[in-house]
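Analysis of the macromolecular model
Listed below, chain by chain, are the residues.
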Amino acid sequence: MDVRIIVETTFENGTTKTHRLGCISRPFRQTKPEGFGLLLEDAKTMLWQLQNAIMLDQIEEVSEESRICLGCDRVRAIHDYRPRVLDTLFGRVHVKAPRIRRCACKAISDVDQSGPFSPLAHYFPDRSTPELQRLQAELGARHSFREAARIIETFVPCAKQMNTTVRNRLGKVAQVIGANDRAELAVDEDATSQALTVFLDGAHIRCRPEYQRRHLDVVVGKIESPNMSRRFGLVQQAARSPAKQLRQALVSQGWDGQRPITVISDGEPALPNLVRRAVQGPVRHILDWWHISMRVQHIENAVKGLLQTQNFPGMPELFKKPAETLRWCIWHGKVMTAGTRLKVLLIDCSRISKIDAEVREAAARVKARCRELYSYLANNFDTLTDYGWRYRNGLAISSSRAEGCVDEIGNTRMGKRQRMRWSPKGAHQVAVTRAAVLDGRLAVSQMAA
Ligand SMILES: [Zn+2]
């Protein structure tokens, strides 16, 4: 059998036009399993033909429509036609774009310009459709540029995709996202009076050799208010103003410049300092519970090891008890008590370490772990809090949600296993776009542009 595809366009003014697209033939004598239905290649050819027909008709209609002068309702003359190539998701369309002469009546829209104008230039400043740009950026932020190009080419009849095109589009889309964040500044109507929490973490990615360093830090995180959340990613060296970018992200989450902001991160001071600069004021920094808990766990394990030594001399309770209560103390914000417990453990370990080599070794391990936790707590003393109270009141105590962002924004595309080296700018663009894709902000930003 033969399947003929005919498309009929009805224009706004009532006229119709028929396009005869291709024909799919399925001779029944030679039917093979893959001869049933529509195949990917047929579908791609047909989609391209369909796109061509729709685009040409639409451009014709829009061009005709824009000839009418808004001032005097007369039809303006066509100056000439320029050949233009438009890239769409469903193929490259060659069009003849008319340029229209300005009207003698000097209507409002024609006042300060002279010479013919092209109505199409307004719709396709980049000579490609927003949908194509969005898809290129979205896939480029997830896969290597070459792989992204290949994926798009596999499924849609678009023109040949170059990895450089995908990279450049991603860069442009990242810029648009940044620009729209700025535009959003005024919109903070549904600001609630509850606090915002910023979860911060960093991802380390390989840096390109010409930057004289091995690694780049991508700051990733999540801003959460009770009913909204927003991811962000940036590279401090490449962002024009990282603090400003973060401030804009905060504002778009309903921050009014006054509301208290809580930052949860590990002991690295650079991250909360970035938020301080963004907020231009005080910020409450809370040390991530998980990082503390992990260090307490190390002590518990070391003590377990000590108690299992053959000639363990002391009373097991003397060591087991402090290790157990340590976690409880820190969890409830009793840091001084925790410090005392640590010191007691240190003294007790020193006391028994004279007995034999095995015990001495195990005791030294406990001591090292204790000192580690002690200095960690001492260095971050101001950022400790009553974690139990926060937990019972449904407040965040851990930056684990930012760690999810490390994977989603940093590692999937730029992780060390990807074997790609990055420039600060390239990494920044990918991080910005990826965060927007994950939040579902990409389509919205592009529409606003
Ligand atoms: Zn006119």
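Small disclaimer: the values here were computed from a predicted structure and weren't measured.

Notes on the overall build of the chain
A count of helices and strands for the chain gives 15 helices and nine strands. Taken against the 2.2 N^0.38 rule, which gives 22 Å for 449 residues, the C-alpha radius of gyration of the chain at 32 Å runs more than 25% over that of a compact globule. The principal-axis extents of the C-alpha atoms in the chain amount to approximately 100 × 65 × 45 Å. Counting the 449 residues in the chain, one finds 44% classified as buried. Within the chain, contacts between residues separated by at least 24 positions form 63% of all contacts whose residues are at least 6 apart in sequence. The positive charge centre, built from 68 side chains, and the negative charge centre, built from 48, are 6 Å apart in the chain.

Remarks on the pairing of strand β2 (residues 16-25)
In this structure, strand β1 (residues 2-10) lies alongside β2, joined through eight bridges in antiparallel fashion. The residue of β2 that forms the bridge with Thr10 is Thr16. Between β1 and β2, which pair antiparallel in sequence order, lie five residues; one of them, Gly14, sits at a positive phi of approximately 100°.

Some remarks on the pattern of salt bridges
Enumeration over the complete set of coordinates arrives at 19 salt bridges. Through salt bridges that share partners, Arg231, Glu408, Asp439 and Arg441 make up one connected network.

Quick notes on a nonpolar patch on the surface
Where nonpolar side chains cluster on the molecular surface, the patch consists of Leu47, Leu50 and Ile54 and spans about 210 Å² of accessible area. Tracing the chain through its elements places Ile54 in helix α1 (residues 40-66). A residue is classified by how much of its surface remains accessible, and Ile54, at 43% relative accessible area, is partly exposed.

Topic: the packing of aromatic side chains
Taken as a whole and judged by the stated rule, the model has three aromatic pairs. Taking 5.1 Å as the distance between ring centres and 50° as the angle between the ring planes, the aromatic pair formed by Trp289 and Tyr387 counts as tilted. Placement of Trp289 in helix α8 (residues 289-307) and of Tyr387 in helix α12 (residues 387-392) is noted, with a sequence separation of 98 residues between them. Tyr387 sits in the buried class, given a relative accessible area of 0%. The cationic tip of Lys96 hangs over the ring face of Tyr81; the distance from NZ or CZ to the ring centre is 5.3 Å. Lying across the ring of Tyr376, Arg295 places its NZ or CZ 3.7 Å from the centre.

Concerning the nonpolar core
Ile292, Ile299, Leu306, Phe319, Ile330, Leu373 and Tyr387 are the most contacted members of the largest nonpolar core, which totals 38 residues. The set of elements that each furnish at least two residues to this core consists of β9 (284-287), α8, α9 (316-331), α10 (335-352) and α11 (357-379). Ranked by residue count, the leading element in this core is α11, at eight residues. With near-sequence residues (within four places) excluded, Ile299 lies in contact with Leu326, Leu342, Leu345, Arg369, Cys370 and Leu373. In this structure, Leu139, Ala149, Cys405 and Met414 belong to the second largest nonpolar core, which totals 36 residues.

Section: helix α14 (residues 424-439)
A rise of 1.5 Å per residue sets the reference length of α14, with its 16 residues, at 22 Å; its end C-alpha atoms lie 23 Å apart and thus fit the reference within 8%. Burial within α14 is extensive, with 13 of its 16 residues counted as buried. Positive backbone phi, at 75°, marks Gly440, one or two positions downstream of α14.

So, the packing of α10 against α11
For the pair α10 and α11, interaxial distance at closest approach is 9 Å and the crossing angle is 160°. Relative to α11, the element α10 lies roughly antiparallel. Note that α10 runs across α11; the crossing there is left-handed. Along its contact with α10, which presents Gly339, Leu342, Lys343, Leu345, Leu346, Cys349, Ser350 and Ile352, the element α11 presents Val359, Ala363, Val366, Lys367, Cys370, Arg371, Leu373, Tyr374 and Leu377. Grouping the amino acids of the contact of α10 with α11 by side-chain chemistry returns 12 nonpolar, two polar and three charged.

Quick notes on the environment of Arg102
One can find Arg102 in the loop between β4 (91-100) and α2 (119-123). It is 48 Å that separates the C-alpha atoms of Arg102 and Gly257, two residues lying 155 residues apart in sequence. A polar atom in the side chain of Arg102 sits 2.7 Å from the backbone oxygen of Gly115.

What to know about unusual backbone geometry
Even without being glycine, Gln212 reaches a positive phi, approximately 60°. Among the structural elements, Gln212 can be located in the loop between β5 (196-206) and β6 (215-225). One non-glycine residue, Gln280, lies in the positive phi region at around 55°. For Gln280, a relative accessible area of 65% corresponds to the exposed category.

Thoughts on α1
Here α1 is 27 residues long and its end C-alpha atoms lie 38 Å apart, about the 39 Å a rise of 1.5 Å per residue gives. Regarding α1, the residues found buried are Lys44, Met46, Gln51, Asn52, Ala53, Met55, Asp57, Ile59, Ser63 and Ser66.

Thoughts on the environment of Pro322
Topologically, Pro322 is positioned in helix α9. Sequence spacing of Pro322 and Leu342 is 20 residues, and the spatial spacing of their C-alpha atoms is 7.6 Å. Contact partners of Pro322, with chain neighbours within four places excluded, come to Glu317, Arg341 and Leu345.

Some points on the sheet that holds β6
Overall, mixed pairing links the five strands, which are arranged β7-β6-β5-β8-β9 in an open sheet. Both edges of this open sheet fall to β7 (228-235) and β9, since each of them pairs with a single strand only. Strand-to-strand twist in this sheet, taken as the mean axis angle between neighbours without regard to direction, amounts to 25°. In this sheet, β6 lies alongside β5 in antiparallel orientation, the contact comprising 10 bridges. Bridge assignment links Ala203 to a residue of β6, and that residue is Val218. Each of β5, β6 and β7 is contacted by helix α13 (residues 400-414), which is oriented at about 30° to β5, the strand it contacts most.

Each value, and the rule that gives it
- Residues numbered from 1 in each chain as written.
- Predicted model: local features only at pLDDT ≥ 70, side-chain atom pairs only at ≥ 80, totals over all residues.
- Heavy atoms only, no water.
- Helix = DSSP H or I, 4+ residues; strand = E, 2+ residues; numbered from the N terminus.
- Rg over C-alpha atoms; globule rule 2.2 N^0.38 Å.
- Buried < 20%, exposed > 50% of the residue type's maximum accessible area, 1.4 Å probe, protein only.
- Contact = heavy atoms within 4.5 Å.
- Lys, Arg positive; Asp, Glu negative; His and termini not counted.
- Charge placed at Lys NZ, Arg CZ, Asp CG, Glu CD.
- Pairing = 2+ DSSP bridges.
- Salt bridge = Lys/Arg side-chain N within 4 Å of Asp/Glu carboxyl O.
- Patch = residues over 30% accessible without salt bridge, like charges linked within 9 Å, V, L, I, M, F, W, Y side chains within 5 Å.
- Areas by Shrake-Rupley, 256 points an atom, 1.4 Å probe, with all protein chains shown as cover.
- Phe/Tyr/Trp six-rings, centres within 6.5 Å; stacked < 30°, edge-to-face > 60°.
- Lys NZ or Arg CZ within 6 Å of the ring centre and 35° of its normal.
- Core = buried A, V, L, I, M, F, W, Y, C linked by side-chain atoms within 4.5 Å.
- Expected span 1.5 Å × (residues − 1).
- Axes fitted to C-alpha atoms, helices over the stretch in contact; angles between N-to-C directions.
- Parallel < 35°, antiparallel > 145°, perpendicular 65-115°, else oblique.
- Left-handed = near helix turned anticlockwise from the far one by under 90°.
- Nonpolar A, V, L, I, M, F, W, Y, C, P; charged D, E, K, R; others polar.
- Polar contact = N/O pair within 3.5 Å; in protein donor to acceptor, adjacent residues only side chain to side chain.

This is a description of form; function is not addressed.
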